[in-house]
Amino acid sequence: MVCGPEIMMRFTIDALRQRGIRTDRIFLSMERNMKCAVGFCGHCQFGPAFVCRDGPVFRFDRVAPFFSLREI
């Protein structure tokens, strides 16, 4: 389970993967600024998911394609 600023999560995930931890065993607690808390405003959107509605905990292998993109 990893929580913290997203830049820290990137380095932590790299370190975990180097130690042989599978990506389906890494969970992220995504903290995003939320306004509506029901997924309407898009303020907390993370790829196709909304942190307020679908999270805040996500399995890394499911969000990995979006995690490396800037501005997401």
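Cut-offs applied
Residues numbered from 1 in each chain as written. Predicted model: local features only at pLDDT ≥ 70, side-chain atom pairs only at ≥ 80, totals over all residues. Heavy atoms only, no water. Helix = DSSP H or I, 4+ residues; strand = E, 2+ residues; numbered from the N terminus. Rg over C-alpha atoms; globule rule 2.2 N^0.38 Å. Buried < 20%, exposed > 50% of the residue type's maximum accessible area, 1.4 Å probe, protein only. Contact = heavy atoms within 4.5 Å. Areas by Shrake-Rupley, 256 points an atom, 1.4 Å probe, with all protein chains shown as cover. Lys, Arg positive; Asp, Glu negative; His and termini not counted. Charge placed at Lys NZ, Arg CZ, Asp CG, Glu CD. Salt bridge = Lys/Arg side-chain N within 4 Å of Asp/Glu carboxyl O.

1. Side note on the overall build of the chain
And step 1. A count of helices and strands for the chain gives three helices and five strands.
And step 2. Its helices and strands taken in sequence order, the chain reads β-α-β-β-β-α-β-α from the N to the C terminus.
And step 3. Relative to the compact-globule value of 11 Å for 72 residues, the chain shows a C-alpha radius of gyration of 12 Å, a close match.
And step 4. By its C-alpha atoms, the chain is 40 × 20 × 20 Å across when sized along the principal axes.
And step 5. With 72 residues in all, the chain has 28% of them scored as buried.
And step 6. Relative to all contacts within the chain whose residues are 6 or more apart in sequence, the contacts with residues 24 or more apart total 48%.
And step 7. Just so you have it, the chain exposes about 5,000 Å², and 53% of that area is on carbon and sulfur atoms.
And step 8. Across the chain, the centroid of the 11 positively charged side chains sits 2 Å from that of the 7 negatively charged ones.

2. Some thoughts on the pattern of salt bridges
And step 1. Summed over all chains, the structure comprises three salt bridges.
And step 2. Close ionic contact of Asp24 with Arg22 constitutes a salt bridge, the shortest N to O distance being 2.9 Å.
And step 3. Looking at Asp24, the relative accessible area reads 26%, which means it is partly exposed.
And step 4. Across the salt bridge formed by Arg53 and Asp54, the nearest N and O atoms sit 3.5 Å from each other.

3. Re unusual backbone geometry
And step 1. Going from Gly55 to Pro56, the amide bond is cis rather than trans, its omega being 15°.
And step 2. With respect to the helices, strands and loops of the structure, Pro56 is situated in the loop between α2 (51-54) and β5 (57-59).

Take it as geometry only, folks, not as evidence of what the structure does.
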